[in-house]
Amino acid sequence: PFWLAQSDGTVVPDDDVCATTDVVVVGGGIMGVAITYWLAKLGMSVQLLEATELCFGATGRNIGLFLPGMNPIEAPEIFETVCAEEGIADVCQVVGHLALATNCSIWDRIRSEARSRPGRIEALDRRDCEALIRTSLADEICGGRWYADGRVVDPVRLTRGLARAARRLGARISLRQRVRRIETQACSHLVCTGRSRI
């Protein structure tokens, strides 16, 4: 996979699994590692368990597209602040994003969205799309949705950087620990891997 092949640096896992913890996170993709990071930042005791290696599944195999949206949780400033605070460098590049309209209905929706989100989204006619990408387009292309703030994020570098930061905050990260079962007992849970019990 592209991102895994480009990756430089790994995260040294913890040799052992803690016997007790506030939270067990199952899965070492971007979501699992981000949850581990934020819980550790809040002062919780966190143990992350990954069956193989960090980023082995979908995180290491996605396209890395980040389109900041209207929701405050999608604000690029949050992403940039965390990366700066944790020394996670060279993970994001603003490249813009162009989505092409292959029929009049989609083209009408793009133009409507551009009117409702001025300054964020532009509706480019076919000629402007061709000028932007410097090539001719198929006849059925009516135009496109240009989002200048579209970004590409290296999900492997980001995830591994967050994992290192989570470890600095006290989280434990254990690899090759496949969760076999989770049992609920009164007010606690027992998480069993092939090699440990938490």
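Let me sum up the structure you'll find in this document. Only a predicted model underlies this, so the values are computations on that prediction, with no experimental measurement involved.

Rules of the game
Residues numbered from 1 in each chain as written. Predicted model: local features only at pLDDT ≥ 70, side-chain atom pairs only at ≥ 80, totals over all residues. Heavy atoms only, no water. Helix = DSSP H or I, 4+ residues; strand = E, 2+ residues; numbered from the N terminus. Buried < 20%, exposed > 50% of the residue type's maximum accessible area, 1.4 Å probe, protein only. Contact = heavy atoms within 4.5 Å. Pairing = 2+ DSSP bridges. Axes fitted to C-alpha atoms, helices over the stretch in contact; angles between N-to-C directions. Salt bridge = Lys/Arg side-chain N within 4 Å of Asp/Glu carboxyl O. Expected span 1.5 Å × (residues − 1). Polar contact = N/O pair within 3.5 Å; in protein donor to acceptor, adjacent residues only side chain to side chain. Core = buried A, V, L, I, M, F, W, Y, C linked by side-chain atoms within 4.5 Å. Phe/Tyr/Trp six-rings, centres within 6.5 Å; stacked < 30°, edge-to-face > 60°. Lys NZ or Arg CZ within 6 Å of the ring centre and 35° of its normal.

A few points about the environment of Arg 151
Phase 1: You can see Arg 151 is positioned in strand β8 (residues 151-153).
Phase 2: Overall, the relative accessible area of 6% leaves Arg 151 in the buried class.
Phase 3: Not counting the four nearest positions on each side in its chain, Arg 151 is found in contact with Gly 64, Leu 65, Phe 66, Pro 68, Pro 76, Glu 80, Cys 92, Gln 93, Val 94 and Val 95.

Re the sheet that holds strand β7 (residues 143-147)
Within a sheet, each strand pairs with its neighbour through backbone hydrogen bonds, oriented either parallel or antiparallel.
Phase 1: Taken together, the three strands give an open sheet; going across it, the order is β5-β7-β6, and neighbouring strands pair in antiparallel fashion. Only two strands of the sheet have a single partner each, and these edge strands are β5 (97-101) and β6 (122-125). Adjacent strand axes in the sheet meet at a mean angle of 30° when their direction is disregarded.
Phase 2: Examined bridge by bridge, β6 and β7 share four bridges and lie antiparallel to one another. Directly across from Glu 122, in β7, lies its bridge partner Trp 146.
Phase 3: In this fold helix α5 (residues 126-133) packs onto β5, β6 and β7, with an angle of close to 95° to the strand it touches most, β6.

Considering the pattern of salt bridges
Phase 1: Here the structure, examined in full by the defined rule, presents 16 salt bridges.
Phase 2: Asp 14 serves as the salt-bridge partner of Arg 167, at 2.9 Å between the closest nitrogen and oxygen. With Arg 167 in helix α6 (residues 155-168) and Asp 14 in the loop between α1 (2-6) and β1 (23-26), this pair connects stretches of sequence that are 153 residues apart.
Phase 3: On the basis of relative accessibility, which here comes to 14%, the residue Asp 14 falls in the buried class.
Phase 4: Among the ionic pairs, Asp 16 bridges to Arg 172, the shortest N-O distance being 2.3 Å. Remark: Arg 172 occurs in strand β9 (residues 172-174) and Asp 16 occurs in the loop between α1 and β1; sequence separation between them is 156 residues.
Phase 5: Judged by its relative accessible area of 47%, Asp 16 is partly exposed.
Phase 6: The exposure class of Arg 172 is partly exposed, given its relative accessible area of 24%.

Thoughts on helix α4 (residues 104-116)
Phase 1: Taking 1.5 Å per residue as the helical rise, α4 with its 13 residues ought to reach 18 Å, and the 18 Å between its terminal C-alpha atoms agrees with that figure.
Phase 2: Of the surrounding secondary structure, the elements contacted by the buried residues of α4 are β5, β6 and β7.
Phase 3: Put simply, Asn 103 is the residue that caps the front of α4, since its side-chain oxygen is 3.1 Å from the backbone nitrogen of Ser 105.

Digging into the nonpolar core
Phase 1: Formed by 28 residues in total, the largest nonpolar core has its most connected members in Leu 54, Phe 79, Leu 158 and Leu 162.
Phase 2: Residue assignment for this core shows that the elements contributing at least two residues are α2 (30-41), β2 (46-49), α3 (76-86) and α6.
Phase 3: For this core, the leading source of residues is α6, giving six residues.
Phase 4: Those residues in contact with Leu 54 that lie beyond four places of it in its chain are Val 11, Gly 28, Val 33, Leu 48, Arg 160, Ala 163, Ile 173 and Leu 175.
Phase 5: Membership of the second largest hydrophobic core comes to five residues, among which are Leu 124, Cys 129, Leu 137 and Trp 146.

A look at α5
Residue pairs three or four apart in sequence face the same way in an α-helix, which turns once every 3.6 residues.
Phase 1: Taking the backbone nitrogen of Arg 127 as reference, a side-chain oxygen 3.2 Å away marks Asp 125 as the first, capping residue of α5.
Phase 2: Two residues or fewer past α5, Arg 134 is found with a positive phi of approximately 60°.

Comments concerning the packing of aromatic side chains
Phase 1: Within this structure, the stated rule accounts for three aromatic pairs.
Phase 2: The interplanar angle of 75° and the centroid separation of 4.9 Å between the aromatic rings of Phe 2 and Trp 3 together place this pair among those described as edge-to-face.
Phase 3: We classify Phe 2 as exposed; its relative accessible area is 54%.
Phase 4: In this arrangement the basic side chain of Arg 145 is found over the ring face of Tyr 147, its NZ or CZ atom lying 5.9 Å from the centre.

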